[in-house]
Amino acid sequence: MCGRFAQHLSWEELQRLADLIGQPRNLQPRYNVAPTTMIEVVRPTAAGNALAQMRWGLAPSWWKKPLRDLPATFNARAEGIAEKPMFRSAFAARRCVIPASGFYEWTGAKSARTPHYFSARDGRPLALAGVYESCRDVENDARVESVTIVVGPANAWMRRFHHRMPIILDWRDVNAWMTGDDPGALLRAPPDDALQEWIVSPRVNRSNEADEDPTLIEPSATGADLIDRMTVGSAQAHQPSSKVAIP
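Residues numbered from 1 in each chain as written. Predicted model: local features only at pLDDT ≥ 70, side-chain atom pairs only at ≥ 80, totals over all residues. Heavy atoms only, no water.

Draft legend 1. Examining the environment of G80 more closely. Of note, G80 is situated in the loop between β5 (75–77) and α2 (88–93). Residue G80 is classed as buried on the basis of its relative accessible area, which comes to 15%. (Helix = DSSP H or I, 4+ residues; strand = E, 2+ residues; numbered from the N terminus. Buried < 20%, exposed > 50% of the residue type's maximum accessible area, 1.4 Å probe, protein only.)

Draft legend 2. Highlighting the pattern of salt bridges. Going through the model one piece at a time under the given rule, you end up with 11 salt bridges. For the salt bridge of R94 with E133, the shortest nitrogen-to-oxygen distance reads 3.1 Å. Highlighted residues: R94 in the loop between α2 and β6 (95–100) and E133 in strand β9 (residues 126–136), separated in sequence by 39 residues. Judged by relative accessible area, E133 falls into the buried class, the value being 4%. When the shortest N-O distance is used, the salt bridge between R203 and D213 registers 3.0 Å. Here D213 lies in the loop between β13 (195–199) and α4 (223–237) and R203 lies in the loop between β13 and α4, a separation of 10 residues in the sequence. (Salt bridge = Lys/Arg side-chain N within 4 Å of Asp/Glu carboxyl O.)

Draft legend 3. Here's a closer look at the packing of aromatic side chains. Going through the model one piece at a time under the given rule, you end up with 11 aromatic pairs. Consider the rings of F103 and F118, whose centres lie 5.2 Å apart with planes at 15 degrees: the pair is stacked. Linking F103 in strand β7 (residues 102–107) with F118 in strand β8 (residues 114–120), this pair joins segments that are 15 residues apart in sequence. For F118, a relative accessible area of 0% translates into the label buried. Ring centres of Y117 and W198 lie 5.6 Å apart, and the angle between their planes is 50 degrees; on these two criteria the pair is classed as tilted. Here the residue Y117 occupies a position in strand β8, and W198 occupies one in strand β13, the gap between them amounting to 81 residues. Classification of Y117 as buried rests on a relative accessible area of 2%. On the accessibility criterion, W198 (24% relative accessible area) is partly exposed. Three or more aromatic residues joined by ring pairs form one cluster here, namely F103, F118, W157 and F161. (Phe/Tyr/Trp six-rings, centres within 6.5 Å; stacked < 30°, edge-to-face > 60°.)

Draft legend 4. How the structure looks around the pairing of β7. Of all 6 residues that make up β7, 6 are buried, and the element is covered over most of its length. Here β7 shows two buried faces, one formed by G102, Y104 and W106 and the other by F103, E105 and T107. Pairing of strand β1 (residues 5–7) with β7 involves 2 bridges; the strand directions are antiparallel. From the neighbouring strand, F5 faces β7, where its bridge partner is F103. Sheet topology places β7 next to β8; 5 bridges connect them, and they run antiparallel. Opposite W106, over in β8, you have P115 as the bridge partner. (Pairing = 2+ DSSP bridges.)

Draft legend 5. The nonpolar core, seen in detail. V97, L169, W171 and W177 are the most contacted members of the largest nonpolar core, which has 29 residues in total. Elements with a contribution of two residues or more to this core: α1 (11–18), α2, β9 and α3 (174–179). In terms of residue count, α1 provides more of this core than any other element does, 4 residues in total. Setting aside chain neighbours within four positions, we find L169 in contact with V97, A127, A129, W177 and L186. Core analysis: the second largest hydrophobic core is formed by 27 residues, I98, F118, L126 and L195 among them. (Core = buried A, V, L, I, M, F, W, Y, C linked by side-chain atoms within 4.5 Å. Contact = heavy atoms within 4.5 Å.)

What follows is the structure, given as C-alpha cells:
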C-alpha cells in the first residue's frame, strides 16, 4: 500500500535526476499528501521528460460517472496491472514517475495505529512507479489527468511493517520504465537496504491535517523510547564521573 506520502522537492534536484525540460518553478512542499489531491508527476513527452500536476486516484478514459464515485484507485497492484480494465491501457502506453520525499505506513491495532515514515537512505527523492490517464469530468466537462502509484510485494526489510510497498525505481531506470519495451521487468521491490524508517506523529493519521507542516515527518519519541532514555539517563546519573577536576 501507499496511501499517504510527502513531496518536499526542489526543481533543481528533479531536473538533475529526471532530466526535466520546461521552465523551472517553485514546488510547494507537502508533508501529508492524501488521495484525490493534486500531485507532481514526471511523464515523458515528445520533447523530453516534463513535470505535471495530476489528480492522485486514476480515472480511466472510459469513466462516465462523477469522480467522487470512483473506487479507490490511488494504488494499482503490480501483479495484475497489465490485465485489469481500470489500469491496463495506462500501463501499456502512459507510464510515469511520482517523485516522493518519503511515504507513510502504519503498524499496530486499528484502535492505536502507529505511523512510520520511510525515505531513501541516501537522502534522494524516491522514484515511485506510476501510470496515468486522461478523462472528462462529467460534472463540468473539464479534462482531468489522474495517476496511480504501482505497489507490489514488500521486500524482506519492509515486511516488518507491511506486506506490500510501492514499486521504487532506480532513477537510472526511469526512462526504461516510462518508454521502454519491457516495463514489467522493473515491477520489483527495491533492495533491502534502500530505505530508512522512523516513527512520526499520529497527526498524520488525519488526512485533513495541514500538509504544509514539516514537523509531520520529524521523528516522534514513543513510550518505549522515552522509557529507554529515562533508564539510560538514570543509570548515567548514578555512575561515578570519569572526569578529573582541575583546580
